[in-house]
Amino acid sequence: MAAVFAACATEPTLKEAYKNNFLIGVAVNTNQIFEHDQRGVPIIKSQFNSLSPENVLKWGPIHPHPGPDGYNFGPADRYVEFGESNHMTLVGHTLVWHSQTPQWVFLADDGTNTVDRDTLLQRMHDHIQTVVGRYRGRIKYWDVVNEALAEDGTLRKSRWLKIIGEDYIAKAFEYAHEADPNAVLRYNDFSLENPLKRNGAVELVKKLQAQGVPIHAVGLQCHAKLDWPTAEQESDTIDAFAKLGLKVAITELDIDTSASSQQNRSADISLNGQDQTNAVKPAAQLGINLNTNRLPDSVQQVLAQRYAELFGAFLKHRDAVTLVTFWGVTDGDSWLNRGRRNHPLLFDRNGQPKPAFDAVIKAAEEFHGSK
Ligand code: XIL
């Protein structure tokens, strides 16, 4: 309990430090939504003013079976009630995605053949109408389409694309707008900091805008690494979408500290020819073994520095950035603990604020002090 108390008693809180700039959100899991997580819930209530559902609003969890009786609204209803009772701005994540979507969605009624375009559009319409309609006026932001782009900026060859064709994206936005005309509708993706993919997203948004499609914001997932993206890359990315008249949200922020991920990232960066001269040195170059239960103090400092520089970029663009959401409460909650122990967030496994927490608070204080 002492750890929980320490985190709650931390002053100022994240939401307080950033109140003049943007909302500070966090993705919550089922244990937190149902308030079973005694460590996480007090942190959520004290530090954050916006919520995203880590899983409960995805197609699989909320609509596991076909037909009007195939919905499972319980956890999503509780998510919305939890957020409302704590006066938080709510995000809906996500309506149309290549992942966590049940097989039946893409199969004809015989259960074997692929569904045809009109039927899939009809299913998408019913799903969006039902889910967005149910929380109309209560969920403010919707990730309408998630991850529609491949790394080279072309459209990902998902079943949505193969079966419906390119206009599945426009249709999803139209259906969401019809279901809740006041909701802020986002296109959400990762690695948009890489120029090839970013350019693909810019072209996609321009095309949608030219067709009069109701798209209002872009979500940058920002699953960052210790050496990627640089503050400059982040800043340029926000700017690219702000210039199109869109709002920008940082939707799934975390910084992967595992050694294997740093190697992956280097490969990605060489792929798109990024200039790395200003980047933080990768862990391998720092001579640090990151596959450890406890994050070494030197890496805590690197992580803190990384968070500070990313928040510097968000603050610089505070006119466009409406919301910054962390993808998990404590390190123990993070989806990045897959086959390794990761330390990507601001609170450790005991719910204690890390040096990265102080760095994020300080970034806001310094920003305001300098003005
Ligand atoms: C992740 C969740 O955190 C995990 O619990 C789940 O098993 C898989 O999905 N991009 C997204 C998020 O848009 O929905 C993903 O969330 C992380 C990557």
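Structure: above.
Below: a short report on this structure.

Rules behind the numbers
Residues numbered from 1 in each chain as written. Predicted model: local features only at pLDDT ≥ 70, side-chain atom pairs only at ≥ 80, totals over all residues. Heavy atoms only, no water. Near = heavy atom within 4 Å. Polar contact = N/O pair within 3.5 Å; in protein donor to acceptor, adjacent residues only side chain to side chain. Areas by Shrake-Rupley, 256 points an atom, 1.4 Å probe, with all protein chains shown as cover. Helix = DSSP H or I, 4+ residues; strand = E, 2+ residues; numbered from the N terminus. Buried < 20%, exposed > 50% of the residue type's maximum accessible area, 1.4 Å probe, protein only. Contact = heavy atoms within 4.5 Å. Pairing = 2+ DSSP bridges. Right-handed = clockwise from strand over helix to strand, strands pointing away. Salt bridge = Lys/Arg side-chain N within 4 Å of Asp/Glu carboxyl O. Axes fitted to C-alpha atoms, helices over the stretch in contact; angles between N-to-C directions. Parallel < 35°, antiparallel > 145°, perpendicular 65-115°, else oblique. Left-handed = near helix turned anticlockwise from the far one by under 90°.

It is worth spelling out the site of the ligand at this point. The immediate surroundings of the ligand are formed by 13 residues, with Glu54, Lys58, His93, Glu252 and Trp327 found nearest. The side chain of Glu54 places a nitrogen or oxygen atom 2.5 Å from an oxygen atom of the ligand. Within the side chain of Trp327, an N or O atom sits 2.9 Å from an oxygen atom of the ligand. Surface burial for the ligand is 78%, taken as the share of its 420 Å² of free accessible area covered by protein chains.

This brings us to the side chain of Asn342. Structurally, the position occupied by Asn342 is in the loop between strand E9 (321-326) and helix H15 (355-369). Note on Asn342: relative accessible area 0%, which makes it buried. Within the local environment of Asn342, its side chain forms a polar contact with the side chain of Asp256, the two groups lying 2.9 Å apart. When sequence neighbours within four positions are dropped, the list of residues in contact with Asn342 reads Asp256, Thr257, Ser258, Asp331, Leu336, Asn337 and Arg349.

Take Thr330: it is sitting in the loop between E9 and H15. With sequence-adjacent residues up to four places away left out, Thr330 is seen in contact with Ile43, Leu345, Phe347, Asp348 and Gly351.

For strand E3 (residues 89-96), a buried count of seven out of eight residues is recorded, marking the element as mostly surrounded by other parts of the structure. Pairing geometry for strand E2 (residues 50-53) and E3, over two bridges, is parallel. Note that in E3 the partner of Leu51 across the bridge is Leu90. Here E3 pairs with strand E4 (residues 141-146) via four bridges, running parallel. Residue pairing in the sheet places Gly92 in a bridge with Trp142 of E4. Handedness of the crossover joining E3 and E4 through helix H7 (residues 117-134) is recorded here as right-handed.

Let us look at the pattern of salt bridges. For the structure on display, the rule yields 19 salt bridges. Salt-bridge contacts for Glu203 lead to Lys206; the nearest nitrogen and oxygen are separated by 3.9 Å. Residue Glu203 and its partner Lys206 are both found in helix H10 (residues 195-210); the two are separated by three residues, about one turn of the helix. For Glu203, a relative accessible area of 47% translates into the label partly exposed. Through salt bridges that share partners, Glu35, Lys45, Arg78 and Glu81 make up one connected network.

Between two packed helices, the angle of one axis relative to the other and the distance separating the axes together describe the packing. Direction vectors running N to C along helix H11 (residues 231-242) and helix H14 (residues 297-316) enclose 25°, while the axes themselves pass 9 Å from each other. The orientation of H11 with respect to H14, classified from their angle, is roughly parallel. Note on packing geometry: the crossing formed by H11 with H14 is right-handed. For the pair H11 and H14, contact is made by Ala231, Glu234, Ser235 and Ile238 and by Glu309, Leu310, Ala313, Phe314 and Lys316, respectively.

Remember, this is a structural readout, not a statement about activity or role.
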